[in-house]
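# Remarks on the overall topology
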Amino acid sequence: MIKETFNPNPELAANAAIKNMDEYWALQNKALEDYEGFWKEYADEKIDWLAPYDQVLDESDAPFYKWFINGKLNVSNQCIDRHLADKADKTAILFEGDRGDVEQITYAQLSLRVNRMANLLRNEFGVGKGDRVVLYMPMIPEAAYAMLACARIGAIHSIVFGGFSTEALKDRIEDAEAKLVITADGAYRKGKPYMLKQVVDDALSQGGKSVEAVLVVKRNNEEINWIEGRDHDYNELITSQHAECPFELMDSEDPLFLLYTSGSTGKPKGVQHASAGYILWAQMTMEWVFDLKEDDVYWCTADIGWITGHTYIVYGPLAAGTTTLMFEGVPTYPDAGRAWKMVQDHKINQFYTAPTAIRVLHKMGEHEPEKYDLSSLKVLGTVGEPIDPPAWKWYYETVGNSKCAIVDTWWQTETGGHMISPLPGATPIRPGCATFALPGIIAEVIDPDGTSKKVGETGLLCITRPWPSMIRNIWGDPERYKKAYFGDAVKDGKPVYFSGDGAVVDEDGYITITGRVDDVINVSGHRMGTAEIEAAVKKDDSVAEVAVVGRPHEIKGESIFIYIVLKEGHINKDIKNHINALLAAEIGNIAKADHIIEVPGLPKTRSGKIMRRILRSIAKHEEITQDISTLEDPSIVKEIETKAREA
Ligand code: WT7
């Protein structure tokens, strides 16, 4: 079968960091031949070591891998101080507010603000090395200052996405035993102020006893509740802080941050990342995958509450010394041309967003990109979910004018940075395909027992060698870390990292991601565990049983579909609104379901296991092809199908 393939733009390839597939394979072979030597070369070249490491990789306590043993560095130095000699006046963060207000923050200004914030945290709140700081922040520069200030003094930040509810925030504060919460009164979205601080107040009134203080940035100056003694005004306190804050000498393996993410079981887990390996790969992938050049202006539309915002709005771009655009608003406000106008105004060279956003922009304004001068664009990125070929084509042809590289980057919160992605100057790209593992990343598609899959066979996507930016632990739960990521699969006697995704490799070696193979669903690029949603629904007294599945959705990729069995004698007329209100309170608006139906029972095997595959098929209105004769009550399937068709 001949697959539609687009060769790299020759102009781009001529000056690219990796110029063709021969160069790619040469790098990848180098990594395969001398894995540690490969990484050593980059670590020595890229990291501003404050004390040298004495070993590249320690695998003795696998899967608790360690990188760059005994090396010392500071990530805020890597992202700021070391650039001051030649980039002091270069714009580090280019901020555009929801209402169109623009601010340019140079590396010198960034340095001053981060130093002041670091002093504030250290001196006023006694935050020190290893302390946890929770950030519940909008997309404003102060969020980046706070991250870097934590890194400077060795505190571990844990950012909670601003769309998460009180309950979700409280859980994360408690799991991390945070000492300080940094938030804002709110910010602006779609021309209007919205509020955040109240969520923090509510979370702390219900728990989070470890929190000693709340630092509040004023953004929209709306009236907020204020608790004297606990709440502190950032804008007032920051001005009197000393302009220099000596950074903490951090070990390569000292945790840089925690970021909670959903898995197939239990509560969200605190993914723990280390310092040296993380920042090294963040910087390398910025340079390779986005093919950054000295004067480029780069824009990633993610929220800092997700890993994409960590690695590719703040840490990666700043480590690479580039100009990173941070945007408070939404790309479709005030109209479907907002994003393209911003690309034109700021002469954006790399634009990185999610397939959901691409589908929305496409649907709302198919010809909108044609109204703007998008000629600055060189690389267009996508992340978070599989991109369907029609969305890919529109992105390539209409946004990129058939001259930009599309980098479909596959990675995860746990991987810290890109893993499988085209290289703009080298890889012939194909719609909907993440293509090849990056140099140094050893990805394989295998069976649960570790046997490699053949060409064309879908299997489990695994990373069979540890890599520098990989997850180090689940905060406070090493057993869960081992169980969740290093199941049964073993390769060459070593446990391999299992991603939770399925993939298939074709005869040309191209890797296509087929989606999650576990009970995790992906709604608009937001990852949620069905178990987590089910646990929230079960908090309702009238619910006897619940099963949550994902259903393909035109824009969101997947939507949430919930089957509920009510307890005897309970009637719930407005079940959808009722349960969605509960989900909004327990998790956040992102967990609201498109479909919630009441059913008389769930399809179960005789041993009581819920047959989710059947429920997924029913949600899709698919013909049931599975054998249902082994069910405890096969007739239930017809009844559920009827209900689902009415929904
Ligand atoms: C899951 C990770 C990576 C940052 C944003 C999401 C899915 C991610 C792709 C892609 C197909 C993708 C996977 C993965 N995913 N990128 N290019 N093609 N699927 O991070 O919340 O940790 O979610 O997102 O299913 O496991 P996350």
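### Some points on the overall build of the protein chain
A tally of regular secondary structure across the protein chain gives 20 helices and 32 strands. For the protein chain, the spread of C-alpha atoms along the three principal axes comes to 75 × 65 × 60 Å. A total of 647 residues make up the protein chain; the buried ones form 62% of that total. When contacts within the protein chain are restricted to residue pairs at least 6 apart in sequence, those whose partners lie at least 24 apart make up 71%. For the protein chain, the accessible area works out to roughly 24,600 Å², and carbon and sulfur atoms hold 48% of it. Computed over 70 positive and 97 negative side-chain charges, the inter-centroid distance for the protein chain is 2 Å.

### Points about the packing of aromatic side chains
Applying the stated criterion across every chain yields a total of 42 aromatic pairs. Put simply, the rings of Tyr35, Phe38, Trp39, Tyr42, Trp49, Tyr53, Trp67, Phe68, Trp281 and Trp288 touch in pairs and so form one group of aromatic residues. Of note, arginine 172 hangs over the ring of phenylalanine 164, and the distance from its end group to the ring centre comes to 4.3 Å. Over the ring of tyrosine 510 we find arginine 430; its NZ or CZ atom is 3.7 Å from the centre of that ring.

### A look at the domain arrangement of the protein chain
Often the size quoted for an interface is simply the accessible area lost on bringing the parts together. The assigned domain composition of the protein chain is domain 1 (34-329), domain 2 (443-516) and domain 3 (522-646). Measuring from the centre of the C-alpha atoms in domain 2 to the corresponding centre in domain 3 gives 29 Å.

### Considering the nonpolar core
What tends to happen in soluble globular proteins is that the nonpolar side chains get buried as a cluster. Counting residues in each nonpolar core, the largest one holds 121 residues, and the members touching the most others are Leu110, Leu121, Trp288 and Tyr315. When residues of this core are sorted by domain, at least three fall in each of domain 1 (34-329) and domain 2 (443-516). In contact with tyrosine 315, other than residues within four places in its own chain, are Val75, Cys79, Met147, Leu148, Ala151, His157, Leu256, Phe257, Tyr278, Ile279 and His310. If you look at the next biggest cluster of nonpolar residues, it comprises 42 residues, including Ala187, Val211, Val216 and Ile590.

### A word on unusual backbone geometry
Going from alanine 62 to proline 63, the amide bond is cis rather than trans, its omega being 5°. Turning to its location among the elements, proline 63 is positioned in the loop between β1 (55-58) and β2 (66-69). Put simply, tyrosine 333 and proline 334 share a cis peptide bond, and its omega is 5°. Tracing the chain through its elements places proline 334 in the loop between β17 (323-327) and α13 (338-346). Of note, the phi angle at phenylalanine 68 is positive, near 55°, even though the residue is not glycine. On the secondary structure map, phenylalanine 68 appears in strand β2. Take phenylalanine 68: its relative accessible area is 0%, and that puts it in the buried class. Its identity is not glycine, yet lysine 190 carries a phi of approximately 50°, on the positive side. By secondary structure assignment, the location of lysine 190 is in the loop between β9 (186-189) and β10 (192-195). By relative accessible area, which is 45% here, lysine 190 ends up partly exposed.

### Remarks on the sheet that holds strand β27 (residues 511-516)
Read across the open sheet, the 4 strands follow the order β21-β22-β26-β27; overall the sheet is antiparallel. Looking at which strands have only one partner, the edges of the open sheet turn out to be β21 (443-446) and β27. Taking each pair of neighbouring strands and ignoring which way they run, the sheet shows an average axis angle of 45°.

### Quick notes on the sheet that holds strand β15 (residues 269-274)
Pairing between the strands of a sheet comes from backbone hydrogen bonds, and it takes one of two forms, parallel or antiparallel. If you trace the 8 strands from one edge of the open sheet to the other, you get β12-β11-β8-β6-β7-β14-β15-β23, paired in mixed fashion. Looking at the sheet topology across the chains shown, the edges are occupied by β12 (231-233) and β23 (473-474). In the sheet, strand β11 (residues 213-217) pairs with β12 via 3 bridges, with the strands oriented parallel. When the sheet's bridge partners are listed, leucine 215 is paired in β12 with histidine 232. Here helix α6 (residues 107-125) sits on the sheet and contacts β8 (180-184), β11 and β12; the angle it forms with β11, its principal contact strand, is near 150°.

### Examining the pairing of strand β14 (residues 255-261)
Burial runs high along β14: 6 of the 7 residues are buried. Across 2 bridges, strand β7 (residues 156-159) lies against β14 in parallel orientation. Paired with histidine 157 across the strands is phenylalanine 257, a residue of β14. Sheet analysis places β14 next to β15, joined by 6 bridges and oriented antiparallel.

### Some points on the site of the ligand
As a structural note, the neighbourhood of the ligand is formed by 17 residues, with Asp408, Thr409, Thr413, Asp501 and Arg527 the closest of them. At a separation of 3.4 Å, a nitrogen atom of the ligand approaches a polar backbone atom of glutamate 385. Taking proline 386, its main chain carries an N or O atom lying 3.5 Å from a nitrogen atom of the ligand. When isolated, the ligand has an accessible area of 550 Å², and the protein chains bury 95% of it. Residues that form the shell around the ligand fall into these classes: 6 nonpolar, 6 polar and 5 charged.

### Describing α6
Between the first and last C-alpha of α6 there are 26 Å, a value that for 19 residues agrees with the 27 Å anticipated at 1.5 Å per step. Those residues of α6 that sit buried are Tyr107, Leu110, Ser111, Val114, Asn115, Met117, Ala118, Asn119, Leu120, Leu121 and Phe125. Among the residues trailing α6, glycine 126 stands out with phi positive, at a value near 60°.

### Some words on the packing of helix α17 (residues 530-538) against helix α18 (residues 575-586)
In contact at an axis separation of 9 Å, α17 and α18 are set at 115° when each is read in the N-to-C sense. The element α17 and its partner α18 pack so that their crossing is right-handed. Contact with α17, carried on its side by Ile533, Ala536 and Val537, involves Ile579, Leu582, Leu583 and Glu586 of α18 and no other residues of that element. Here the residues of the contact of α17 with α18 sort into 6 nonpolar, no polar and 1 charged.

Reading the values: rules and limits
- Residues numbered from 1 in each chain as written.
- Predicted model: local features only at pLDDT ≥ 70, side-chain atom pairs only at ≥ 80, totals over all residues.
- Heavy atoms only, no water.
- Helix = DSSP H or I, 4+ residues; strand = E, 2+ residues; numbered from the N terminus.
- Buried < 20%, exposed > 50% of the residue type's maximum accessible area, 1.4 Å probe, protein only.
- Contact = heavy atoms within 4.5 Å.
- Areas by Shrake-Rupley, 256 points an atom, 1.4 Å probe, with all protein chains shown as cover.
- Lys, Arg positive; Asp, Glu negative; His and termini not counted.
- Charge placed at Lys NZ, Arg CZ, Asp CG, Glu CD.
- Phe/Tyr/Trp six-rings, centres within 6.5 Å; stacked < 30°, edge-to-face > 60°.
- Lys NZ or Arg CZ within 6 Å of the ring centre and 35° of its normal.
- Domains from an automatic or database assignment.
- Core = buried A, V, L, I, M, F, W, Y, C linked by side-chain atoms within 4.5 Å.
- Pairing = 2+ DSSP bridges.
- Axes fitted to C-alpha atoms, helices over the stretch in contact; angles between N-to-C directions.
- Near = heavy atom within 4 Å.
- Polar contact = N/O pair within 3.5 Å; in protein donor to acceptor, adjacent residues only side chain to side chain.
- Nonpolar A, V, L, I, M, F, W, Y, C, P; charged D, E, K, R; others polar.
- Expected span 1.5 Å × (residues − 1).
- Left-handed = near helix turned anticlockwise from the far one by under 90°.

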